[in-house]
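Spelled out from the first residue to the last, the chains are:
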Amino acid sequence: MSSATIMDAIVSKIKRVLSEGEEVLASEVTPERAEEMNRLLGEAMSAGWTEGLRTWLARAETGDETIKVGGVTHRYKLDSEKEFLTPGGMIKLTRRVYQPDAGGQCYVPLDAAWGMEDQFATVEVRDAALYAVALGTPKEAETLLAKCALFQPSATAIKRMATQMGQWLEEHEDEVLTEIRVEESIPRETRVLCASMDGVNVLLSEPGKKKGRPNERPHEGASRETPSPTCYKNAMVGSVSFYGKVPEGNLSPERLASRYMARMPEDRAPTLKAKFERELYETESRLNDDVVRIALCDGARGLWTYIDDTPQYDEYEKLVDYHHTTEHLSRAAEAIFGKGSQKAQAWYDKYCSKLKGEDGGAGRVLRSLDYYERTARLSKSRREALAVERTFFTRNEHRMDYARFRRNGWPIGSGPVEAACKSVVKTRLCRSGMRWSRTGGQHILTLRTYAKSNRWNGMWTQYKRIEWQLPPPCNTT
C-alpha cells in the first residue's frame, strides 16, 4: 500500500466528517459556534488519525497460510477483531491469528509488528494515562483525559494499566534506573550530595490494632483491643539531593536537583534501603572527588543505627535535621520553664543561636539541661520530660555540628525528604477514605517517584527499549 493511498484515506475521512458539519463551517463567528467548531475539528482530527493508522497498519498484515515464529511453524486459524485505544481515539482491527499445529499459544503477526501484543492501549496513551493516575485518582485521570485528549480511557482501564506497569517496573526497575542514571546528568555546580530517609504512615487494608488512647467511655463500634480491618504502617521515602553554593544574601545552599524513591510499609524497610544504597553507589561513582557527602535525617534511632552500621556511609558527614533538633529544644524549654513562659522562649532563642552559630553548641545545650535538672524545682512529669530531651541531645550530640556545616555552606535541614513524604506519599495515598494493599500502593508510589524525580521520560524510553528489544544507546561520556 502506497503512502499516497494512506494520505488519500486520511483526507477522505476528514472531509467526510467536516461535510457533516457544513452548517457550522458556514456560520457566523460567535462563542457558541466557536465551541462547536472546535468540537468538529477534534472529531475530524480523530477520524483522520484513526483512519490513517488503520490503513497504515493494514500493510503489515500477512496473507500467508503458514509462518515461522521462533523456528516453529504456525498455521492460520481465524480472523479476530480487537479494539485498540490510540492517541487519535479507538480503532477496531481485524487481525489474522496463527497457532502451532501441536496447539499452544496463538500468535498475531500484526499485534507483534506494532508492539501491541497483550496490550489494549498504545504506548503514548499509556504514558499519558499513567502520568495522570500517578498524580490523581483513576477517576480524576479519566476526567482529565476526557477534557484534553482525543483518547478517553475509562477509570477501570487506567487501573489495569497501573497494575500492569507497576508489575513490569518491579521486575525491571534496577535495569531501568541504571540506564536512566547513565543518561541523566549530575548538576555541574554540585558541591554537596545529601542522602536522607524518613517515614510516613499509610492506611493499609489489612487487619491490625488501632492506635491511640484507650476508650474510656461507652462508645459505638469495636474497642481498641479488637483487631481493625485496617491499620496504619510506616512507608519509607529516600531522597538524594544535589546542592550548590549559598546564593548571595541567603543562609542555605541552593538545591539543584533531587531524586526520590519510596516503598510501601515493610519491616525494617530492606527493599527501600537496598534501592537507596544502589542509587547512592551509582551516583557516587560519577561525582567529583571534592563533592561532600552528607547523611541528614531526623532523630529516628532506627535510621541512625542503619546508617552507623552500613559501611557505605562511613565517609559521609552525619547530621540530625536542625528543625527536628529545635523541636526537642522547644520541649526541653517547656519542661524547664513551663508552656507559654517568656523565660522558655528566651532560653529557646538563646540556645537556637548557640546551636547554629557556635562550635559545640549541642554541648552547651546539654550543660544547661544538666544545670536545670539539678537546680530547678520541677514536677515529676516535667522532670521526666526533661530527661527524655536530655537523652536525645546526649545520643545525637556528635551529629549536631550545625555551626561548622553553615560555615562550609552545607545544608542543615532534611526538607527534601520531608517534602517528599508529603508530595510523593501523603498527597496521593492519604486522601480521605483511601486504604491500600501493599502491592497496589507500591504501583502508584513507583510511578510517582519517576514523576517527582524528573525521570518519567527516561523511564518510558527504557520501557520501550526493553519491550521492543531496541539496542541501548551509545554512551559517549
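Residues numbered from 1 in each chain as written. Predicted model: local features only at pLDDT ≥ 70, side-chain atom pairs only at ≥ 80, totals over all residues. Heavy atoms only, no water.

### Brief notes about the packing of aromatic side chains
Next, step 1: Across all of its chains, the model carries 14 aromatic pairs by this definition.
Next, step 2: Both rings, one in F392 and one in F393, keep their centres 5.4 Å apart while their planes meet at 85 degrees; by these two values the pair is edge-to-face.
Next, step 3: Residue F393 is classed as buried on the basis of its relative accessible area, which comes to 0%.
Next, step 4: An aromatic cluster of three or more residues is present, and its members are F337, W347, Y351, Y371 and Y372.
Next, step 5: Its end group placed over the ring of Y76, R96 keeps NZ or CZ at 3.9 Å from the ring centre. (Phe/Tyr/Trp six-rings, centres within 6.5 Å; stacked < 30°, edge-to-face > 60°. Buried < 20%, exposed > 50% of the residue type's maximum accessible area, 1.4 Å probe, protein only. Lys NZ or Arg CZ within 6 Å of the ring centre and 35° of its normal.)

### Digging into unusual backbone geometry
Next, step 1: Despite not being glycine, R268 has its phi angle at roughly 65 degrees, a positive value.
Next, step 2: Mapping R268 onto the fold places it in the loop between β6 (255-263) and α8 (270-284).
Next, step 3: Under the relative-accessibility criterion, R268 is labelled exposed at 69%.
Next, step 4: A positive phi angle, close to 55 degrees, is found at Q469, a residue other than glycine.
Next, step 5: Along the polypeptide, Q469 turns up in the segment after α17 (456-467).
Next, step 6: Under the relative-accessibility criterion, Q469 is labelled exposed at 71%. (Helix = DSSP H or I, 4+ residues; strand = E, 2+ residues; numbered from the N terminus.)

### Brief notes about the side chain of Q462
Next, step 1: Tracing the backbone through its elements, the reader meets Q462 in helix α17.
Next, step 2: Q462 has contacts with W168, V176, E179 and I180, leaving out every residue within four places of it along the chain. (Contact = heavy atoms within 4.5 Å.)

### Side note on the pairing of strand β3 (residues 89-100)
Next, step 1: Within β3, nine of the twelve residues are buried, which leaves the element mostly enclosed by the surrounding structure.
Next, step 2: Across twelve bridges, the pairing between strand β2 (residues 72-86) and β3 is antiparallel. In the strand pairing of β3, F84 is matched with I91. (Pairing = 2+ DSSP bridges.)

### A word on the layout of surface pockets
Next, step 1: Of the voids in this model, the largest pocket is the one considered here, and its volume is about 420 Å³.
Next, step 2: Along the wall of the largest pocket there are 19 residues; nearest its centre are D111, A112, M116, E117 and D118.
Next, step 3: When residues of the lining of the largest pocket are traced back to their parent elements, those giving at least two are α4 (109-113) and α17.
Next, step 4: It is α4 that provides the largest number of residues to the lining of the largest pocket, a total of three residues.
Next, step 5: One number sums up the size of the second largest pocket: a volume of about 340 Å³.
Next, step 6: Residue lining of the second largest pocket: 15 residues in total, with N234, M236, E266, R268 and A269 positioned closest to the centre. (1 Å grid on protein atoms, 1.4 Å probe; cavity = no way out; pocket = protein on both sides within 12 Å on 5 of 7 lines; lining within 4 Å. Points joined across faces, edges and corners; volume = space filled by probe spheres on them.)

### What to know about the environment of S80
Next, step 1: Within the secondary structure, S80 sits in strand β2.
Next, step 2: Leave out the neighbours within four places in its chain, and S80 touches L93, T94, R95 and V97.

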